[in-house]
Amino acid sequence: MNMNLSYSKYLLGMAIITGLATVSCSKSDNTTAEAAKPTVAAASEPEEKILNIYNWSDYIAPDTIANFEKETGIKVRYDVFDSNEILHAKLIAKNTGYDIVVPGSNWAKLQIDGGLFQKLDKSKLPNWKNLDPGILKQMAELDPGNTYLIDWMWSYNTVGINVDKVKAALGDTPMPDNAWDLVFNPTYTSKLKSCGITFLDTPADVFQAALHYLGKPVYTGTPEDYQAAFDMLMKVRPDIKKFNSGGQIDDLASGNICVAYGWAGDFNLAHKRSIENKAEQHIEALVPKTGGLMFMDTMAIPADAKHPNNAHLWMNYIMQPKVTAAITNTVTYANPNKAATEFVDEDIKNNKSIFLSDEDIAKLVPPGVEDAKTKRNMTRLYTKFKSGV
Ligand code: SPD
C-alpha cells in the first residue's frame, strides 16, 4: 500500500471534518505581546558552528547526528524529553537554549499563537519538495501556510501488549473486541495487573484516550465529560502498576510489563528491541476498532534560538529521503516524506500497525487542542487519578 497516498486522501477528508481549533496561550503562560511578534530567521550572518536540539527520546537513527556533523561541520548538542508538558514549560519560560524543538502539532498550535517560534525561511529548505502534500495540508490546519512547523514523524496513541503474557493472564477470558477494554475495563485490567499495566505519564494523553473510550468528543471543554472520564479511570487505577512514557519501550521489550497505554511507534520499537536484545518478547501495537488518537510531532525553531541558520540546515538535511527513511527504519514511526517511502525497509512498510490501512486511517481521531482552562482541569484530575485518592 502506498501509505502516503492513503494518508493524503484521509487528510483531505479530515481537514473538512475538524476545522481549525483556535486556542491561544493563556495569560498564565507568561506570553508577552513582544514575544508574540514572530521573527523571521536572520538569514545571512555567519553563526558559530553549533546546533542545540531538544527532541523526544528514542526518536532518531544512530547515524543521523554524526552524518549531519560530518556534512556541515556543525557540532550538535542533543537532549531528550518525554512529554509535551515538559517542553512547553521550557518554551514559555523563554531562553530555552535550543535551536530545534519537536512539539506535538496540537501543542505547537498554542506555541505558535504565543509567539514562541521563529518563522521558517523556505528559501533555505529546498528539500521541502519531498514532503507529502496531504500531510502539509493537515499541518496547515494548525499552522496556516506551513509557516512554522515541519512534521518529524507521526503515529497514534493506542494499547500495546506482550501477546503471550496477556493471553496467559487472561486465561479463559477471550481478547476483547475493543482493544481499549484492555486498559479501561476492570474485567480485563483486574486480570492483567498480574503481569503489569503501564500508562503514559501525561494528563492530556490519558484524558484524551479516556474520553474516546467513553464515546465523548476527545477535545471537549465540557467539565462533566472530564469528570466522567476521571470516574472511569479511578475504577482501573488499582490495577495500574506504573506511569511512565519514555520507559515503556524497555519495560515491554524486557517483559517487565505486559500491557501499555502509549504510542504505537514505541510499541513496534519495543518489539524490535526485544528481538535485538534476544529477550524474544512478542510485542504488538493494537489497532483499535474504534480508532486510535493520531499525533504528529513537529520540528520548530524557538523564538530565542541563537543558531536559526544552522536549524534550517538541520531541517533541510532531515528532509533528505534517505535520512528520513533511516529514522523510520530505526524508530518504527511513519514519516511525512513522500520521497522517503522507497527507502523504508519492507517489513516496516508492510507493518499494518505503522502504515495503517485506509480503513484504519479513516478511524483515527485527528489531532486537536484543549484550551488553557481545560488543560488546568485535566492536570488537576490527573494528579488525583495518579495519586489514586
Ligand atoms: N519515542 C518517541 C515518542 C514520541 C511521542 N510523541 C508523542 C505525542 C503525544 N501526543
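Residues numbered from 1 in each chain as written. Predicted model: local features only at pLDDT ≥ 70, side-chain atom pairs only at ≥ 80, totals over all residues. Heavy atoms only, no water.

## Some words on the overall build of the protein chain
Part 1 of the reasoning: The secondary structure content of the protein chain amounts to 17 helices and nine strands.
Part 2 of the reasoning: Within the span of the protein chain, comprising 389 residues, buried residues form 60% of the whole.
Part 3 of the reasoning: Across the protein chain, every contact between residues at least 6 apart in sequence was considered, and the portion connecting residues at least 24 apart equals 76%.
Part 4 of the reasoning: Accessible surface, the protein chain: about 15,400 Å² in total, of which carbon and sulfur atoms supply 55%. (Helix = DSSP H or I, 4+ residues; strand = E, 2+ residues; numbered from the N terminus. Buried < 20%, exposed > 50% of the residue type's maximum accessible area, 1.4 Å probe, protein only. Contact = heavy atoms within 4.5 Å. Areas by Shrake-Rupley, 256 points an atom, 1.4 Å probe, with all protein chains shown as cover.)

## Quick notes on the site of the ligand
Part 1 of the reasoning: Around the ligand, the structure places Trp 56, Ser 57, Asp 58, Tyr 59, Asp 205, Trp 263, Asp 266, Phe 295, Asp 297 and Tyr 333.
Part 2 of the reasoning: With respect to the ligand, the side chain of Asp 205 contributes an N or O atom lying 3.4 Å from a nitrogen atom.
Part 3 of the reasoning: For the ligand, a nitrogen atom lies 2.9 Å from a polar atom in the side chain of Asp 266.
Part 4 of the reasoning: Against a free-state accessible area of 340 Å², the protein chains account for coverage of 96% of the ligand.
Part 5 of the reasoning: Each residue belonging to the shell around the ligand can be placed in one class, and the counts come to five nonpolar, one polar and four charged. (Near = heavy atom within 4 Å. Polar contact = N/O pair within 3.5 Å; in protein donor to acceptor, adjacent residues only side chain to side chain. Nonpolar A, V, L, I, M, F, W, Y, C, P; charged D, E, K, R; others polar.)

## What to know about helix α12 (residues 264-276)
Part 1 of the reasoning: Here α12 is 13 residues long and its end C-alpha atoms lie 19 Å apart, about the 18 Å a rise of 1.5 Å per residue gives.
Part 2 of the reasoning: Among the residues of α12, Ala 264, Gly 265, Asp 266, Phe 267, Asn 268, Leu 269, Ala 270, Arg 273 and Ser 274 are the ones counted as buried.
Part 3 of the reasoning: Looking at the buried residues of α12, the elements they touch are β4 (150-162), α11 (248-253), β7 (259-263), β8 (283-285) and α14 (321-331).
Part 4 of the reasoning: Just past α12, the residue Lys 278 takes up positive phi, approximately 60 degrees. (Expected span 1.5 Å × (residues − 1).)

## Quick notes on the state of the cysteines
Part 1 of the reasoning: Counted by the stated rule, this structure contains one disulfide.
Part 2 of the reasoning: In this model, Cys 195 is linked to Cys 258 through a disulfide, with the two sulfur atoms separated by 2.0 Å. Here Cys 195 and Cys 258 share a disulfide; its torsion about the S-S bond, 65 degrees, makes the bridge right-handed. Residue Cys 195 is located in the loop between α8 (186-192) and β5 (197-199), and its partner Cys 258 is located in the loop between α11 and β7; the two are separated by 63 residues in the primary sequence. (Disulfide = S-S within 2.5 Å.)

## Points about the nonpolar core
Part 1 of the reasoning: Counting residues in each nonpolar core, the largest one holds 117 residues, and the members touching the most others are Trp 152, Leu 192, Phe 199 and Trp 314.
Part 2 of the reasoning: The biggest single contributor to this core is β4, with seven residues.
Part 3 of the reasoning: Each of two domains, domain 1 (7-154 + 297-361) and domain 2 (156-294 + 370-387), supplies a minimum of three residues to this core.
Part 4 of the reasoning: With near-sequence residues (within four places) excluded, Phe 199 lies in contact with Val 183, Phe 184, Val 206, Leu 233, Ile 240, Lys 242, Phe 243, Asn 244, Gln 248, Tyr 261 and Phe 385. (Core = buried A, V, L, I, M, F, W, Y, C linked by side-chain atoms within 4.5 Å. Domains from an automatic or database assignment.)

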